[in-house]
Amino acid sequence: MDQWGMTTTAQARNEGLSSQQLARLADTGALERLRQGVYRVAGAPTNPNDDLRAAWLALAPALTAQERLADPNVEVVSHRSAAVVHQLGDLDADRLEFTTRARKQTRDSQVRFHRRRLGAGEWTLVDGLPVTTVLATIGDLAAGRLDGGHLAGVVRDAVTTHHVDLDEVVAVLSPYAHHYGAPLGQGGTLLTRMLEQAGVPESTLAVGRLVVPHLDQESMRQAVAQAVAQAVAQVGAMDQESM
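Residues numbered from 1 in each chain as written. Predicted model: local features only at pLDDT ≥ 70, side-chain atom pairs only at ≥ 80, totals over all residues. Heavy atoms only, no water.

### Quick notes on the confidence of the model for the protein chain
Phase 1 of the analysis: Taken over all residues, the pLDDT of the protein chain has a mean of 85, while the share at 70 or more is 81%.
Phase 2 of the analysis: Confidence drops under a pLDDT of 50 for residues 203-217, and excluding neighbours within four residues, the segment shows 24 contacts in the predicted structure. (pLDDT = per-residue confidence, 0-100. Contact = heavy atoms within 4.5 Å.)

Here's what the structure looks like:
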């Protein structure tokens, strides 16, 4: 169903429905009010991301989802909200977070905007909702200095569940490594530490800390990647055995 079975007051008016007619439809149960100016058709399937979907529609209520997605300046679900959509870590998303290219304000205390120009490939569609990619989400959370324990859970799920390329995770973490106690620019060190913190056995990560000083950056990255790959394989096998 288009727009997940949802419509806005502005869209309904564009189709010839008055506010009074919308109110009657809501009173009879034909429509369910999700938030100010956003309704869902009775019987439409529910989804854990319905609050985000409704909030996203409310950001530009006169436009359809298709029109929004065709706009290069479209607002994109990001940060903690994106982590929840991707099922990364165990974060409380008490706010609905979006990244916008232009400055944007709202009176909705539940909505928070981040201003950043997203690059090509930094967002994707998840069931029709624009969301920052797993990698971009990790970068946004690290840049916002999410506490290390929660970021470790996000990183682990990105690697073990979403199978994100290890080199790409290292590159995303590197600018923020020093904020988490790792040497400046050493995303590989931070990745190894975070996976260990998230429950990956220390013995399987040992090789990642045996990189000798004379190795170049590429060899260091490969050594860390090898250690993490071994750790991921062991965690996956442990999970299978526990099922």
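Moving on, there is more to tell.
### Regarding the pairing of strand β5 (residues 96-100)
Side-chain direction in a regular strand flips from residue to residue, so the side chains alternate between the two faces of the sheet.
Phase 1 of the analysis: Burial runs high along β5: five of the five residues are buried.
Phase 2 of the analysis: Taking every second residue as pointing to the same face, both faces of β5 are buried, with L96, F98 and T100 on one and E97 and T99 on the other.
Phase 3 of the analysis: The pairing of strand β4 (residues 76-77) with β5 spans two bridges and is antiparallel. From the neighbouring strand, V76 faces β5, where its bridge partner is T99.
Phase 4 of the analysis: Of the strand pairs in this sheet, β5 and strand β6 (residues 111-115) are connected by five bridges, and their pairing is parallel. What sits directly across from F98, in β6, is F113. (Buried < 20%, exposed > 50% of the residue type's maximum accessible area, 1.4 Å probe, protein only. Helix = DSSP H or I, 4+ residues; strand = E, 2+ residues; numbered from the N terminus. Pairing = 2+ DSSP bridges.)

### Here we look at the environment of V131
Phase 1 of the analysis: You can see V131 is positioned in strand β8 (residues 129-132).
Phase 2 of the analysis: V131 sits 50 residues away from S81 along the chain, and the two C-alpha atoms are 8.7 Å apart.

### Brief notes about unusual backbone geometry
Phase 1 of the analysis: Even without being a glycine, R145 presents a positive backbone phi close to 60°.
Phase 2 of the analysis: The backbone of H163 sits at a positive phi, close to 55°, despite the residue not being glycine.
Phase 3 of the analysis: Tracing the sequence through the fold places H163 in the loop between α7 (148-160) and α8 (166-173).
Phase 4 of the analysis: The exposure class of H163 is exposed, given its relative accessible area of 62%.

### Considering the nonpolar core
Phase 1 of the analysis: Counting 27 residues, the largest nonpolar core has I138, L151, V155, L173 and L191 as its most contacted members.
Phase 2 of the analysis: Listing elements by their share of this core, those giving two or more residues are α6 (134-143), α7, α8 and α9 (187-197).
Phase 3 of the analysis: With six residues, α7 is the largest single contributor of residues to this core.
Phase 4 of the analysis: With residues near it in sequence (within four places) discarded, L151 still touches I138, L141, A142, L146, L173, Y180 and M194.
Phase 5 of the analysis: In this structure, V38, V74, F98 and F113 belong to the second largest nonpolar core, which totals 22 residues. (Core = buried A, V, L, I, M, F, W, Y, C linked by side-chain atoms within 4.5 Å.)

### A short note on the sheet that holds strand β1 (residues 6-8)
Phase 1 of the analysis: Spatial ordering of the open sheet is given by β1-β3-β2, a layout of three strands whose pairing is antiparallel. Two strands lie at the open edges of the sheet, namely β1 and β2 (31-35), each paired on one side alone. Averaged over all adjacent pairs, the angle separating strand axes in this sheet is 35°, with direction ignored.
Phase 2 of the analysis: Pairing of β2 with strand β3 (residues 38-41), which is carried by four bridges, proceeds in the antiparallel orientation. By the bridge assignment, R35 is partnered in β3 with V38. (Axes fitted to C-alpha atoms, helices over the stretch in contact; angles between N-to-C directions.)

### So, helix α5 (residues 79-86)
Phase 1 of the analysis: Most of α5 is tucked away: six of the eight residues are buried.
Phase 2 of the analysis: Turning to α5, its buried residues number three or more, namely H79, S81, A82, A83, V85 and H86.
Phase 3 of the analysis: The positive-phi residue at the C-terminal boundary of α5 is Q87, with phi of around 60°.

### Focus on the packing of aromatic side chains
Phase 1 of the analysis: Overall, the coordinates contain two aromatic pairs when judged by the stated rule.
Phase 2 of the analysis: Pairing W4 with W56 gives two aromatic rings, centres 6.1 Å apart and planes at 70°, and the pair type is edge-to-face. Of this pair, W4 sits in the segment before β1 while W56 sits in helix α3 (residues 50-59), placing them 52 residues apart in sequence.
Phase 3 of the analysis: The exposure class of W56 is buried, given its relative accessible area of 0%.
Phase 4 of the analysis: With a centroid separation of 6.5 Å and 45° between ring planes, the pair formed by F98 and F113 is classed as tilted. With a gap of 15 residues between them, F98 in strand β5 and F113 in strand β6 connect regions that are remote in the sequence. The pair F98 / F113 is uniform in exposure class, with both members buried.
Phase 5 of the analysis: For R68, the ring lying beneath its charged end belongs to W56, and the centroid distance is 4.0 Å. (Phe/Tyr/Trp six-rings, centres within 6.5 Å; stacked < 30°, edge-to-face > 60°. Lys NZ or Arg CZ within 6 Å of the ring centre and 35° of its normal.)

### Quick notes on the packing of α7 against α8
Phase 1 of the analysis: Where α7 contacts α8, the axes come no closer than 10 Å and their chain directions differ by 155°. When the axes of α7 and α8 are compared, the pair comes out roughly antiparallel. Read as a crossing pair, α7 and α8 show a hand that is right-handed. Contacts between α7 and α8 involve L151, V155 and V159 from the first element and L166, V169 and L173 from the second.
Phase 2 of the analysis: For the contact of α7 with α8, the class distribution of residues is six nonpolar, no polar and no charged. (Parallel < 35°, antiparallel > 145°, perpendicular 65-115°, else oblique. Left-handed = near helix turned anticlockwise from the far one by under 90°. Nonpolar A, V, L, I, M, F, W, Y, C, P; charged D, E, K, R; others polar.)

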